[in-house]
2 protein chains.
Amino acid sequence: MPRVSQDHLDARRRQILDGARVCFARHGYEGATVRRLEEATGLSRGAIFHHFRDKESLFLALAEDDAVRMADVVAEQGLVQVMRDLLAGGSAHPADWLGTRLEVSRRLRTDPDFRARWAERSQQLTIATRQRLLRQREAGNLRDDVGVDVLTAFLELVLEGVVSHLAMGLPADDLEPVLDLVEETARRHRTGTR
Amino acid sequence: MPRVSQDHLDARRRQILDGARVCFARHGYEGATVRRLEEATGLSRGAIFHHFRDKESLFLALAEDDAVRMADVVAEQGLVQVMRDLLAGGSAHPADWLGTRLEVSRRLRTDPDFRARWAERSQQLTIATRQRLLRQREAGNLRDDVGVDVLTAFLELVLEGVVSHLAMGLPADDLEPVLDLVEETARRHRTGTR
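Residues numbered from 1 in each chain as written. Chains lettered and ligands numbered in written order. Predicted model: local features only at pLDDT ≥ 70, side-chain atom pairs only at ≥ 80, totals over all residues. Heavy atoms only, no water.

1. What about the relation of the copies chain A and chain B?
Here is step 1: For the match of chain A to chain B, the screw axis carries a shift of 0.0 Å, the RMSD comes to 0.0 Å, and the turn is 180°. Taken together, these values place the two copies in the relation of a two-fold axis. In terms of C-alpha distance to the rotation axis, chain A has A:Gly161 as its closest residue, with the C-alpha 1.8 Å off the axis.
Here is step 2: Same-surface contact between copies: 100% of interface residues of chain A are shared with the interface of chain B. (Least-squares fit on C-alpha atoms with pLDDT ≥ 70 in both. Contact = heavy atoms within 4.5 Å.)

Structure, rendered in structure tokens:
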């Protein structure tokens, strides 16, 4: 396939994802009808579903997009930085979009296939977090009395709390010192006496 | 008002709340129609809305119910025990019900009045957590390098993560050691050198 065509396909895919994210954020998963997706992306349903099998696939592609972006931040700065970025209200993950992620909880709970597809996409974040922690441990920056798997699950659980908190529109201006505490919890303590 | 009548009213109120909880859990907030609430409670809409102004008030009464039950556990055993109870799958808060709590996130985010009513009801949990931590600090069981407000917000954030995790039907069998870590994070460390 000639390069220009691939570029075109990639750009079209990006156009669909960007429009769909806004649409899902504004109307929720159920409310993002095909007609609204057409309006938000500026493309016909034919064009949209040429790139994505169905609405579910489109939504899951956005979840994967999130996981990839977050995994990039994790690799450089760790998962707590992802949470700090969420608190700062980065445009990629406004509260409306986080809320839409929550709204699919029933589907995730009751539809094993959907859950498996979601988990597959989210896994990249877990892997990136685990790798980062392993590197930090090698560098001597991590506490060594708690396993990396436990620390990974701890950080992911706090991230889920942050997502839920923001999605519910709760005040977040008091969470910075909480994230400092979360970060410190994973670190090696300087006295070395514990 | 004679005592027997108050008992009767209380029992009726309890009957409505118990049925409504099952109905909201099964069908979600939107799906819990008046007809389904009638079926689930075994009472007419007239009887239901004699006790609760509207569906929103009924839902918020259940949220308050949760907060009161959790606050009781917090007073005796702390907020981490509330999380352990959730993990253990106590019948009062099955994943379906937790999911319904998440489903109202859009409403919480976009309807300031609903958010204020929800916050008022949840506040009892925050107060109970704060009081428990203050008692623990006085008893010398709490770390003293982090404020009680930060520790309260930390524990509540982790609770939000647990609720979200369970509501999404994610595997929770690896979370016990994470909660051990959370509990330890709030405690005074034995060496006393930090």
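That shown, we press on.
2. Observations regarding the confidence of the model for chain A
Here is step 1: Chain-level statistics for chain A give a pLDDT mean of 91 and a share of 94% at 70 or above.
Here is step 2: Reported confidence for the predicted complex is 0.91 by ipTM and 0.91 by pTM. (pLDDT = per-residue confidence, 0-100.)

3. Notes on the interface of chain A and chain B
Here is step 1: With 49 residues of chain A at the contact, the number on the chain B side is 49 residues.
Here is step 2: Both sides together, the interface formed by chain A and chain B hides about 3,800 Å², and carbon and sulfur atoms give 63% of it.
Here is step 3: For B:Arg143, the salt bridge goes to A:Glu184, with nearest N and O atoms at 3.1 Å.
Here is step 4: At the boundary of chain A and chain B, one finds 16 residue pairs in polar contact (both at pLDDT 80 or more).
Here is step 5: Looking at the side of chain A that touches chain B, the elements that each hand over two or more residues are α1 (3-31), α6 (95-103), α7 (105-110), α9 (148-167) and α10 (176-186) of chain A.
Here is step 6: For the side of chain A that touches chain B, the leading source of residues is α9(A), giving 13 residues.
Here is step 7: Its residues placed into classes, the side of chain A that touches chain B shows 23 nonpolar, 13 polar and 13 charged. (Buried area = accessible area lost by both parts, 1.4 Å probe. Salt bridge = Lys/Arg side-chain N within 4 Å of Asp/Glu carboxyl O. Polar contact = N/O pair within 3.5 Å; in protein donor to acceptor, adjacent residues only side chain to side chain. Helix = DSSP H or I, 4+ residues; strand = E, 2+ residues; numbered from the N terminus. Nonpolar A, V, L, I, M, F, W, Y, C, P; charged D, E, K, R; others polar.)

4. A word on the pattern of salt bridges
Here is step 1: Under the definition given, this model contains 42 salt bridges over all chains.
Here is step 2: Among the salt bridges present, the one from A:Arg109 reaches B:Asp96, with a minimum N-O distance of 3.0 Å. Within this pair, whereas A:Arg109 is found in helix α7, its partner B:Asp96 is found in helix α6 (residues 95-103), the two belonging to separate chains.
Here is step 3: A relative accessible area of 12% places A:Arg109 in the buried class.
Here is step 4: Of the charged contacts in the structure, one is a salt bridge between B:Arg130 and B:Asp149, with a shortest N-O distance of 2.5 Å. Remark: B:Asp149 occurs in helix α9 (residues 148-167) and B:Arg130 occurs in helix α8 (residues 112-138); sequence separation between them is 19 residues.
Here is step 5: A relative accessible area of 47% places B:Asp149 in the partly exposed class.
Here is step 6: Members of the salt-bridge network, linked through shared partners, are A:Arg14, A:Asp18, A:Arg21, A:Asp65, A:Asp66, A:Arg69 and A:Arg101. (Buried < 20%, exposed > 50% of the residue type's maximum accessible area, 1.4 Å probe, protein only.)

5. Some points on helix α8 (residues 112-138) of chain A
All names here are of chain A.
Here is step 1: Over its 27 residues, α8 runs 37 Å from end to end, which matches the ideal 39 Å to within 8%, given 1.5 Å per residue.
Here is step 2: The principal kink in α8, of about 35°, is found at Ser122.
Here is step 3: When α8 is considered as a whole, its buried residues turn out to be Phe114, Arg117, Trp118, Arg121, Leu125, Ala128, Thr129, Arg132 and Leu133.
Here is step 4: Those residues of α8 that are buried are in contact with α4 (55-77), α5 (79-87), α6, α7 and α9.
Here is step 5: Here α8 starts with a cap whose side-chain oxygen sits 3.1 Å from the backbone nitrogen of Asp113, and that cap is Asp111.
Here is step 6: Downstream of α8 by a residue or two, Gly140 has a phi angle that is positive, lying close to 80°. (Expected span 1.5 Å × (residues − 1). Bend = angle between axes of the 7 residues up to and from the residue.)

6. Observations concerning the packing of α9(B) against helix α10 (residues 176-186) of chain B
When two helices pack together, their arrangement is given by the angle between the helix axes and by the axis-to-axis distance.
Residue and element names in this part refer to chain B.
Here is step 1: Packing of α9 against α10 leaves a shortest axis separation of 10 Å and a crossing angle of 170°. One way to sum up the angle between α9 and α10 is to call them roughly antiparallel. Of the residues in α10, those touching α9 at Leu151, Phe154, Leu155, Val158 and Val162 are Leu179, Val182, Thr185 and Ala186.
Here is step 2: Looking at the contact of α9 with α10 residue by residue, the class counts come to 8 nonpolar, 1 polar and no charged. (Axes fitted to C-alpha atoms, helices over the stretch in contact; angles between N-to-C directions. Parallel < 35°, antiparallel > 145°, perpendicular 65-115°, else oblique.)

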